[in-house]
Amino acid sequence: CSDTQNHWARPFIDGLAAHNLITAAAGSTFRPNHPLTRAQFAVILQRTFPYQAKYRNAVQFADVPPNHWAAAAIAKAYEGGFLSGQGQTFLPNEYVTRSQALVAIANGLDLTIDPKRNNGRFLTSVYTDGAEVPKYAIDQIAALSDRKLVVNYPDASTLNPNRPISRGELAAAIYHALAYQ
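Residues numbered from 1 in each chain as written. Predicted model: local features only at pLDDT ≥ 70, side-chain atom pairs only at ≥ 80, totals over all residues. Heavy atoms only, no water.

Helix and strand counts for the protein come out as seven helices and zero strands. Reading the helices (α) and strands (β) of the protein from amino to carboxyl end gives α-α-α-α-α-α-α. Here the C-alpha atoms of the protein give a radius of gyration of 16 Å, agreeing with the 16 Å that 2.2 N^0.38 yields for 181 residues. Expressed as a percentage of the 181 residues in the protein, the buried residues total 46%. Relative to all contacts within the protein whose residues are 6 or more apart in sequence, the contacts with residues 24 or more apart total 78%. With the model as given, the accessible surface of the protein reaches about 9300 Å², and the carbon-plus-sulfur share is 50%. The centroid of the 16 positive side-chain charges in the protein is displaced by 3 Å from the centroid of its 13 negative side-chain charges. (Helix = DSSP H or I, 4+ residues; strand = E, 2+ residues; numbered from the N terminus. Rg over C-alpha atoms; globule rule 2.2 N^0.38 Å. Buried < 20%, exposed > 50% of the residue type's maximum accessible area, 1.4 Å probe, protein only. Contact = heavy atoms within 4.5 Å. Areas by Shrake-Rupley, 256 points an atom, 1.4 Å probe, with all protein chains shown as cover. Lys, Arg positive; Asp, Glu negative; His and termini not counted. Charge placed at Lys NZ, Arg CZ, Asp CG, Glu CD.)

Okay, here's the thing in C-alpha cells:
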C-alpha cells in the first residue's frame, strides 16, 4: 500500500496482507494510523481465527440488522467470545480500544494466566500506565504481556489501554499472535 512504505508496522501489514488476513482500507491505501470500528475488527477476527470454538450462542443485536455488511462476522466474534455487546447493542461503529483488541486476541489464542497472581501489580510494573487497564482486561493483557505479545510503539512501556487501536497497531498485534500460535 502506498501509505505504509515508511510506517513502522509495514512488515506486519505486508505479512498479513500476503495471506489475505487484512486488506487495504480504500483503494491502494491501508490507513495504518486510523482506528478500527468494532464491525471492521469483527471481520479481521473472523479471517484471523476462523476455527475458533463456539463459546456461546449468537444474539441478535438491535443495532446490527441481518443485512448489515458485517453481521456474520459480528455473530462469529460474539459466539467465539472475542467481542461482547452492551445489553442488546453491539455498537458496530464504535472504535475498538487497545484493551478490547488485546482481550480479543488473548481469547483467540486461548491464553490464560493464574488469576490468583496479582496481575494488576504485574501490569503496573511493566507499563507506566498499567493502572489504567480496565478491570475486565487485566488477566488477558497480563497473559499477553507475560508472553511478550504486546506491541507498543514508539514506547514499549506505554500501553495506552483506553485509546482506540490503529490499523497498524492491530496488524502488529495479530502478526505476533499468529507467530506465537
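Read on, since the account is not over.
A side chain with one charge may pair with a side chain of the opposite charge, provided their charged atoms come close. If you walk through the whole model with that rule in mind, you get four salt bridges. The residue R163 makes a salt bridge to E169 at a minimum N-O spacing of 2.7 Å. The class for R163 is partly exposed, based on a relative accessible area of 32%. Overlapping salt bridges, with partners in common, bring together R98, R163 and E169 in one network. (Salt bridge = Lys/Arg side-chain N within 4 Å of Asp/Glu carboxyl O.)

Taken as a whole, this structure holds five aromatic pairs when the rule is applied. Site record: aromatic cluster; members linked through ring pairs are F61, Y78 and F90. A cation sits over an aromatic face here: R38 above F90, 4.2 Å from the ring centre. The lysine or arginine in question, R117, covers the ring of F122, its NZ or CZ lying 4.4 Å from the ring centre. (Phe/Tyr/Trp six-rings, centres within 6.5 Å; stacked < 30°, edge-to-face > 60°. Lys NZ or Arg CZ within 6 Å of the ring centre and 35° of its normal.)

With that settled, the discussion passes to the side chain of E79. Structurally, E79 is set in helix α3 (residues 71-79). No salt bridge is formed by the buried E79; its nearest oppositely charged neighbour, K54, is found at 4.2 Å.

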